[in-house]
Amino acid sequence: GQQLNQSPQSMFIQEGEDVSMNCTSSSIFNTWLWYKQDPGEGPVLLIALYKAGELTSNGRLTAQFGITRKDSFLNISASIPSDVGIYFCAGLTNAGNMLTFGGGTRLMVKP
Amino acid sequence: EAQVTQNPRYLITVTGKKLTVTCSQNMNHEYMSWYRQDPGLGLRQIYYSMNVEVTDKGDVPEGYKVSRKEKRNFPLILESPSPNQTSLYFCASSLGRKDEQFFGPGTRLTVL
């Protein structure tokens, strides 16, 4: 099946720092999604991107749909301790019926 | 409250003993799916269902079965579990295949 390469796999940062993570693929996707998973819970949708080049913000989070439709990135500004968790990118093709997930980025924030 | 529920939340079993993990949603969603989550591999789709009586294989369907007799329920069946099926399992539902998927709380399965 299709694969999404997500990096970095983990990050350990100081509170207040900005964070950036990205996903790349050899396949084209028509929808990019970013999820966050808190410990012991299921993933929750943060941002959805539907058009190439689209830049969307949700509070301190900003995500972009790459112009080639093969990549996406997520930025978190001024991180806080509750940002801790695993962040997943996911892609959906126009014809596909399945979401393909990246391997996740584990974020740890030191107060 | 709109939600996806899974049962059980935790299960330890032995190789070969058939088990079922239930999933139910109260949002009248048409699309439901099952994922397994393993370290470094993200979430991989096992099976999905576009509607009642319509199911299809995902990326990793081997060793699993599903059924969709009613819109709200989508049980995952392991006829003969093996240790490589030890994982964290999530059920999800959405209005349609392109809509936001809502995830259940997860079921942690250990097969000895």
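Being a predicted model, the structure only gives us computed values, none of them experimental.

## Some details on the pattern of salt bridges
Residue and element names in this part refer to chain B.
(1) Moving on: Within the structure shown, the criterion is met by 6 salt bridges over all chains.
(2) Moving on: Residue lysine 65 pairs with glutamate 79 through a salt bridge whose shortest N-O separation is 2.8 Å. Here lysine 65, found in strand β7 (residues 65-66), pairs with glutamate 79, found in the loop between β8 (76-78) and β9 (87-94); they are 14 residues apart in sequence, far enough to count as distant.
(3) Moving on: Take glutamate 79: its relative accessible area is 35%, and that puts it in the partly exposed class.

## Some words on the pairing of strand β4 (residues 31-37) of chain A
All names here are of chain A.
(1) Moving on: Of all 7 residues in β4, 7 are buried; the element is thus mostly enclosed.
(2) Moving on: One ladder, built from 7 bridges, connects β4 with strand β9 (residues 85-92); its direction is antiparallel. When the sheet's bridge partners are listed, tyrosine 35 is paired in β9 with phenylalanine 88.
(3) Moving on: Connecting β4 to the next strand, strand β5 (residues 44-49), in antiparallel fashion are 6 residues, including glycine 40 with a positive phi near 80 degrees.

## Some remarks on the interface of chain B and chain A
In many reports, interface size means the accessible area that the parts give up when they come together.
(1) Moving on: Residue-level contacts link 23 residues of chain B with 21 residues of chain A.
(2) Moving on: For the pairing of chain B and chain A, the buried interface totals around 1,700 Å² over both sides, and the portion due to carbon and sulfur atoms is 51%.
(3) Moving on: For the chain B face of the interface with chain A, the top three residues by lost area are Leu43, Arg97 and Lys98 of chain B, together amounting to 30%.
(4) Moving on: Counting across the interface, chain B meets chain A through 0 salt bridges.
(5) Moving on: Where chain B touches chain A, the interface holds 1 residue pair in polar contact (both at pLDDT 80 or more).
(6) Moving on: Going through the elements one at a time, β4 (31-38), β5 (42-51) and β9 of chain B are the ones with two or more residues in the side of chain B that touches chain A.
(7) Moving on: Looking at the side of chain B that touches chain A element by element, the count peaks at 5 residues for β5 of chain B.
(8) Moving on: Taken together, the residues of the side of chain B that touches chain A break down into 10 nonpolar, 7 polar and 6 charged.

Each value, and the rule that gives it
Residues numbered from 1 in each chain as written. Chains lettered and ligands numbered in written order. Predicted model: local features only at pLDDT ≥ 70, side-chain atom pairs only at ≥ 80, totals over all residues. Heavy atoms only, no water. Salt bridge = Lys/Arg side-chain N within 4 Å of Asp/Glu carboxyl O. Helix = DSSP H or I, 4+ residues; strand = E, 2+ residues; numbered from the N terminus. Buried < 20%, exposed > 50% of the residue type's maximum accessible area, 1.4 Å probe, protein only. Pairing = 2+ DSSP bridges. Contact = heavy atoms within 4.5 Å. Buried area = accessible area lost by both parts, 1.4 Å probe. Polar contact = N/O pair within 3.5 Å; in protein donor to acceptor, adjacent residues only side chain to side chain. Nonpolar A, V, L, I, M, F, W, Y, C, P; charged D, E, K, R; others polar.

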